[in-house]
Amino acid sequence: GQQLNQSPQSMFIQEGEDVSMNCTSSSIFNTWLWYKQDPGEGPVLLIALYKAGELTSNGRLTAQFGITRKDSFLNISASIPSDVGIYFCAGLYNFNKFYFGSGTKLNVKP
Amino acid sequence: SAVISQKPSRDICQRGTSLTIQCQVDSQVTMMFWYRQQPGQSLTLIATANQGSEATYESGFVIDKFPISRPNLTFSTLTVSNMSPEDSSIYLCSVTGPEGEKLFFGSGTQLSVL
């Protein structure tokens, strides 16, 4: 299967700081998705990206679909305690199957 | 996006027993999937639930262990059979959006096997 390399694995930041995480692959993906998962819950879709170079925002979240179609990043600005959770990237490969990154665990210190 | 209801939300089961997880969607969807998320891990696709026919299983997952039913376009079940502690995971039902380019998840079933 396809590999999505997500980094960093975990982050410890102060409330108010900006955060950046990314996913890379050796393969081209049709769609990039970013999810947040709270403990004991299913992942919730935050942002979907459909075209190379696309930059999309959702409140304090901004994500971009890389020009090469092989990567994507997610930025969170002015972090708050409720941003705590695990963030997953996912890519749709060959319009057929979704692959997931290993997750970035975000901790925010008030 | 579709509303996906999963039950039970959590269960604690004894080794050797089976548990059936239900997934109900509030609208008709073409593609439904079942994922497993082991503790601290990412999501692994178990199978695609096909309406009116046998599910399509991913490598490493077999029908005898994870039988799946999908009688219509809004409902599916996953059974975890003959459970062992290694089956302790979150099991997630998911569906694609109308154009197949986004994936939505239910709230998950947290399973602990003693």
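Before any of the text, the structure's been laid out above.
The notes below deal with the structure included here.

Definitions and limits used
- Residues numbered from 1 in each chain as written.
- Chains lettered and ligands numbered in written order.
- Predicted model: local features only at pLDDT ≥ 70, side-chain atom pairs only at ≥ 80, totals over all residues.
- Heavy atoms only, no water.
- Helix = DSSP H or I, 4+ residues; strand = E, 2+ residues; numbered from the N terminus.
- Contact = heavy atoms within 4.5 Å.
- Pairing = 2+ DSSP bridges.
- Axes fitted to C-alpha atoms, helices over the stretch in contact; angles between N-to-C directions.
- Salt bridge = Lys/Arg side-chain N within 4 Å of Asp/Glu carboxyl O.
- Buried < 20%, exposed > 50% of the residue type's maximum accessible area, 1.4 Å probe, protein only.
- Polar contact = N/O pair within 3.5 Å; in protein donor to acceptor, adjacent residues only side chain to side chain.
- Nonpolar A, V, L, I, M, F, W, Y, C, P; charged D, E, K, R; others polar.

**Examining the environment of A:Leu55**
Residues and elements named next belong to chain A.
- Residue position: Leu55 is located in strand E6 (residues 55–58).
- Along the primary structure Leu55 and Leu74 are separated by 19 residues, whereas in three dimensions their C-alpha atoms are 9.9 Å apart.
- In this structure Leu55 touches Thr62, Ala63, Gln64 and Phe73, once residues within four positions along its chain are discounted.

**Considering the sheet that holds strand E1 (residues 4–7) of chain B**
Residue and element names in this part refer to chain B.
- Spatial strand order, E1-E3-E8-E7: four strands in an open sheet with antiparallel pairing. A strand with exactly one partner marks an edge of an open sheet, and here the two such strands are E1 and strand E7 (68–72). On average, each strand axis in the sheet is inclined to that of its neighbour by 15°, with strand direction left out of account.
- Note: strand E3 (residues 19–25) against strand E8 (residues 75–80), six bridges, orientation antiparallel.

**Things to note about the pattern of salt bridges**
- Under the criterion given, the structure shown has four salt bridges over all chains.
- One salt bridge in this structure joins A:Asp83 and A:Arg60, with 2.8 Å as the shortest N-O distance. One end of the pair, A:Asp83, is in the loop between strand E8 (71–76) and strand E9 (85–93); the other, A:Arg60, is in the loop between E6 and strand E7 (61–65), and 23 residues separate them in sequence.
- Given the relative accessible area of 6%, A:Asp83 is considered buried.
- When the shortest N-O distance is used, the salt bridge between B:Glu58 and A:Lys97 registers 2.3 Å. Here A:Lys97 lies in strand E10 (residues 97–100) and B:Glu58 lies in the loop between strand E6 (56–57) and E7, a pairing that spans two chains.

**Here we look at the interface of chain B and chain A**
- Listed by partner, the interface residues are 18 residues for chain B and 19 residues for chain A.
- Linking chain B to chain A there are one salt bridge.
- If you look at where chain B meets chain A, you find six residue pairs in polar contact (both at pLDDT 80 or more).
- Those elements that place two or more of their residues in the side of chain B that touches chain A are strand E4 (32–37), strand E9 (89–96) and strand E10 (103–105) of chain B.
- The greatest single-element share of the side of chain B that touches chain A, amounting to three residues, is contributed by E10(B).
- Each residue belonging to the side of chain B that touches chain A can be placed in one class, and the counts come to seven nonpolar, eight polar and three charged.

**Quick notes on the side chain of B:Gln6**
All names here are of chain B.
- The topology assignment puts Gln6 in strand E1.
- Taking the relative accessible area as the measure of exposure, Gln6 reaches 8% and is therefore buried.
- Looking at Gln6, its side chain comes within polar contact range of the main-chain oxygen of Tyr91, at 2.8 Å.
- Among the polar contacts listed, one links the side chain of Gln6 to the side chain of Thr109, at a separation of 3.1 Å.
- Setting aside anything within four residues of it in sequence, one finds Gln6 in contact with Ile21, Gln22, Cys23, Trp34, Tyr91, Leu92, Cys93, Gly106, Ser107, Gly108 and Thr109.

**Digging into unusual backbone geometry**
- The omega torsion of the bond from A:Ser7 to A:Pro8 falls at -5°, within 30 degrees of zero and hence cis.
- Tracing the sequence through the fold places A:Pro8 in the loop between strand E1 (5–7) and strand E2 (10–14).
- Here the residue pair B:Lys7 and B:Pro8 is connected by a cis peptide bond, since its omega of 0° sits within 30 degrees of zero.
- Along the chain, B:Pro8 turns up in the loop between E1 and strand E2 (10–13).
- Phi at B:Asn82 is positive, roughly 45°, even though this residue is not glycine.
- Within the secondary structure, B:Asn82 is located in the loop between E8 and E9.
- Judged by relative accessible area, B:Asn82 falls into the exposed class, the value being 53%.

**Digging into the sheet that holds E7(A)**
Residue and element names in this part refer to chain A.
- Spatially, E1-E3-E8-E7-E6 is the arrangement adopted by the five strands of the open sheet, whose pairing is antiparallel. Either end of the sheet is taken by a strand with one partner, and the two such strands are E1 and E6. Averaged over all neighbouring strand pairs, the angle between strand axes comes to 15°, with direction disregarded.
- Examined bridge by bridge, strand E3 (residues 19–24) and E8 share six bridges and lie antiparallel to one another. By the bridge assignment, Met21 is partnered in E8 with Leu74.

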